[in-house]
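Topology and contacts: notes
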Amino acid sequence: MLPKVLAWSALASALLFVVLMLTAIFARSSLGDAAPLIVYWAAVPLLGLGILLAVVLLITSAFSSHT
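For clarity, every value in this text was computed on a predicted model and none was experimentally measured. (Residues numbered from 1 in each chain as written. Predicted model: local features only at pLDDT ≥ 70, side-chain atom pairs only at ≥ 80, totals over all residues. Heavy atoms only, no water.)

1. Observations regarding the overall build of the protein chain
Counting its regular elements, the protein chain contains three helices and zero strands. Along the protein chain, helices (α) and strands (β) appear in the sequence α-α-α when read from the amino end. Expected size for 67 residues packed as a compact globule is a radius of gyration near 11 Å; at 15 Å, the protein chain overshoots this value by more than 25%. Within the protein chain, the fraction of its 67 residues that count as buried is 16%. In the protein chain, the share of contacts with a sequence separation of at least 24, taken over all contacts with a separation of at least 6, comes to 59%. (Helix = DSSP H or I, 4+ residues; strand = E, 2+ residues; numbered from the N terminus. Rg over C-alpha atoms; globule rule 2.2 N^0.38 Å. Buried < 20%, exposed > 50% of the residue type's maximum accessible area, 1.4 Å probe, protein only. Contact = heavy atoms within 4.5 Å.)

2. Thoughts on a nonpolar patch on the surface
A cluster of nonpolar side chains, namely Leu 47, Ile 51, Val 55, Ile 59 and Phe 63, defines an oily patch on the protein surface of about 510 Å² accessible area. By the secondary structure assignment, Phe 63 is in helix 3 (residues 34–63). On the accessibility criterion, Phe 63 (74% relative accessible area) is exposed. (Patch = residues over 30% accessible without salt bridge, like charges linked within 9 Å, V, L, I, M, F, W, Y side chains within 5 Å. Areas by Shrake-Rupley, 256 points an atom, 1.4 Å probe, with all protein chains shown as cover. Salt bridge = Lys/Arg side-chain N within 4 Å of Asp/Glu carboxyl O.)

Printed below as a string of structure tokens:
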């Protein structure tokens, strides 16, 4: 159960990162000065969270027994 939750959470975090980055890149002229703030304060932490969840998923799957 835990690996499924970790995997779906990592996927959701990665998808939110992609949405925010694409918004910051393609709507840069509309966002003005808010585009870098979106990248620094929303997208980058989501990327870090996704990487952290993926590492935890790898660790838990390495130590779990599959019978």
